[in-house]
Every structure is written in structure tokens, then in C-alpha cells.
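Residue-level listing of the chains:
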Amino acid sequence: MQTVFHVKNMVCDRCKMIVSQSLQEIGATIINVELGKVTIASDIIIDHELVSNTFKKNGFELIADKNEIVLEKIKSTLIDFINPDKVNEDEKISSYLSKKMNRDYSLLSKLFSKIEGVSIEKYVINLKVEKTKELIQMDRLSFSEIAYTLGYKSSSHLSRQFKSQTGLSMTEYKTLQNWNRKSLDQII
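Residues numbered from 1 in each chain as written. Predicted model: local features only at pLDDT ≥ 70, side-chain atom pairs only at ≥ 80, totals over all residues. Heavy atoms only, no water.

## Remarks on the pairing of strand β1 (residues 2-8)
To keep things clear, this is the line we draw: If DSSP finds at least two bridges between two strands, the strands pair. Numbering of helices and strands runs from the N terminus, with a helix taken as a DSSP run of H or I at least four residues long and a strand as a DSSP run of E at least two residues long.
Pairing analysis gives 5 bridges linking β1 to strand β3 (residues 37-41), with the strands arranged antiparallel. Paired with T3 across the strands is I40, a residue of β3. When β1 meets strand β4 (residues 61-63), the two strands line up antiparallel, connected through 3 bridges. Considered in β4, the bridge of V7 is made with L62.

Listed below in C-alpha cells is the structure:
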């Protein structure tokens, strides 16, 4: 028997590790951990309140609302979409999201906009700007390489979006070294 928990604010591999450790500490046997979702063996009775409190102390939340579950899945799928290891500049957000979630993009887009108050496209731009900040801070890639890594056809397109979102050019951001980055779970 299995129990599935949907978890808000799981945005990276470190989050998956923390959630796994938290569940192991309370005696749960973990079957699978994905961004936003954990499956455990139900061979013992797990107190949902205990799980909820354990997650809360680590910055996560259990999600029970169906729309909130879909919303978190959209977010984790979009975070995966901008992952430099997986970026395919020819693939559109809409087809990627529809394929990964096995749902019509227009329904996903309406739900996302209704709950978050921002379009999926704007959310992806915000994600890419935060990823750009991270890559600038790491100082391993040129601006052109960063743009290519994030699926842009030109660095000028990324530059315009970066300046529009931050008020700074990428050069100014790098020079100032004021690394005011948002965590991915705080982006809207």
C-alpha cells in the first residue's frame, strides 16, 4: 500500500533530500520523491498532522486542494523546463507543459493565471532572470553563453528581459555584485 503526499515549495534536488530526511526521521519508508510529490509505503500508520508539522518546520507545506496540486506541478515542470541541462530552444513552453502534464495548455494557463495572477510566460521569464543571476554570480559563462544555456536565440533578448525585470543591465548587476536573488519558490 502507498500514500502520496503533494508538497508545496519543493523546487530543487536539495528540497527533495530535505523532505526525504524529514520523512525518514518520523519512520516513513520512502518509495519515490519527485518535485512536489512524495510516495511512501503505508505499512505503518503515518500521522498526517505529524507529516504536516515536519514539513512546515523545513519550509514546505502539504497540499490537499486539487488546483493547488496542479499549480505546484506546473511550477516544478517549468523549473525543469529552464534547467540548462534540458533546455531545447526549439521547444515551446506550451507544448512542453502540455506533454509533461498530459493536459491542454489553455486550461493549465487559465488555472495558473487565475491562482497566481501572472501568466505562465511571465513566470518563465522571472525564472530565467533568477537563473541568469545565479549564472552571473557563478562567473563561469559569458553573457552570450548564459543566453544560449537558457534557450535564447540571442543575448540581446535576454539582456532586454533582464533589464526590464531588474532595472539593471547584466553588466551592472555583475559589477555591483549585489546578489539579491529570490529562491525559486518565491518567484511570481
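## Regarding the nonpolar core
Definition in use: To define a nonpolar core, start from buried Ala, Val, Leu, Ile, Met, Phe, Trp, Tyr and Cys residues and group those joined through side-chain atoms within 4.5 Å. Partly exposed describes any residue whose relative accessible area lies between the buried limit of under 20% and the exposed limit of over 50%, with all areas from a 1.4 Å probe on protein chains only and scaled to the type maximum. What makes two residues a contact is simply this: any of their non-hydrogen atoms within 4.5 Å.
Residues M10, L23, V38, I74, L78, L97 and I120 are the most contacted members of the largest nonpolar core, which totals 36 residues. Going through the elements one at a time, β1, α1 (13-25), β3, α2 (48-57), α3 (66-81), α4 (93-101), α5 (105-116) and α6 (120-138) are the ones with two or more residues in this core. With 6 residues, α3 is the single largest residue contributor to this core. In this structure L97 touches I74, T77, L78, N102, Y105, L108 and I120, once residues within four positions along its chain are discounted. Formed by 11 residues, the second largest nonpolar core is a distinct cluster that contains L135, L150, L158 and Y173.

## Topic: the environment of S76
By the secondary structure assignment, S76 is in helix α3. Under the relative-accessibility criterion, S76 is labelled buried at 7%. Sequence separation of S76 and L50 is 26 residues, and the distance between their C-alpha atoms is 25 Å.

## Quick look at helix α8 (residues 155-166)
Rule in force here: The span expected for a helix works out to 1.5 Å for each residue beyond the first. What the arc describes is the spread of directions from the helix axis to the C-beta atoms.
Between its first and last C-alpha atoms α8 spans 16 Å; for 12 residues at 1.5 Å apiece the expected length is 16 Å, and the two agree. Burial in α8 covers these residues: L158, Q161 and F162. Taken end-on, α8 shows its buried residues confined to a sector of 100°, consistent with a single buried face. Set apart from the buried face of α8 by more than 90 degrees, the exposed residues are R160 and S164. On its buried face, α8 is in contact with α6, α7 (143-149) and α9 (170-176).

## What to know about unusual backbone geometry
Even without being a glycine, N9 presents a positive backbone phi close to 80°. Tracing the sequence through the fold places N9 in the loop between β1 and α1. Phi at D139 is positive, roughly 55°, even though this residue is not glycine.

## Here we look at the environment of S52
Within the secondary structure, S52 is located in helix α2. In this structure S52 comes out as buried when scored by relative accessible area, which is 17%. Put simply, S52 and I63 are 11 residues apart on the chain and 9.4 Å apart in space, counted from C-alpha to C-alpha.

## With respect to the state of the cysteines
Here is the rule we go by: For this text, the term disulfide refers to a pair of cysteine sulfurs within 2.5 Å.
Applying the stated criterion across every chain, the model contains 0 disulfides. C12 carries a free sulfur, and the closest cysteine sulfur to it, the one in C15, is 3.4 Å from it. On the accessibility criterion, C12 (25% relative accessible area) is partly exposed.

## A few points about the side chain of T54
With respect to the secondary-structure elements, T54 resides in helix α2. Take T54: its relative accessible area is 7%, and that puts it in the buried class. Once residues within four sequence positions are removed from consideration, T54 is found in contact with S22 and I26.

## What about the packing of α3 against α5?
Just so we agree on the cut-off: With axes taken as lines fitted to C-alpha atoms, and helix axes fitted only over the stretch in contact, angles between N-to-C directions fall between 0 and 180 degrees. For classification purposes, angles smaller than 35 degrees are called roughly parallel, those larger than 145 roughly antiparallel, those between 65 and 115 roughly perpendicular, and all remaining angles oblique. Under the convention adopted here, Pro, Cys and the residues Ala, Val, Leu, Ile, Met, Phe, Trp and Tyr are nonpolar, Asp, Glu, Lys and Arg are charged, and Gly plus all remaining residues are polar.
Close contact between α3 and α5 brings their axes to 10 Å; oriented N to C, the two are set at 105°. Classified by the interaxial angle, the pair formed by α3 and α5 is roughly perpendicular. Contacts from N67, E68, V70, L71, I74 and K75 in α3 reach L108, L111, F112, I115 and E116 in α5. Considered class by class, the residues forming the contact of α3 with α5 number 7 nonpolar, 1 polar and 3 charged.

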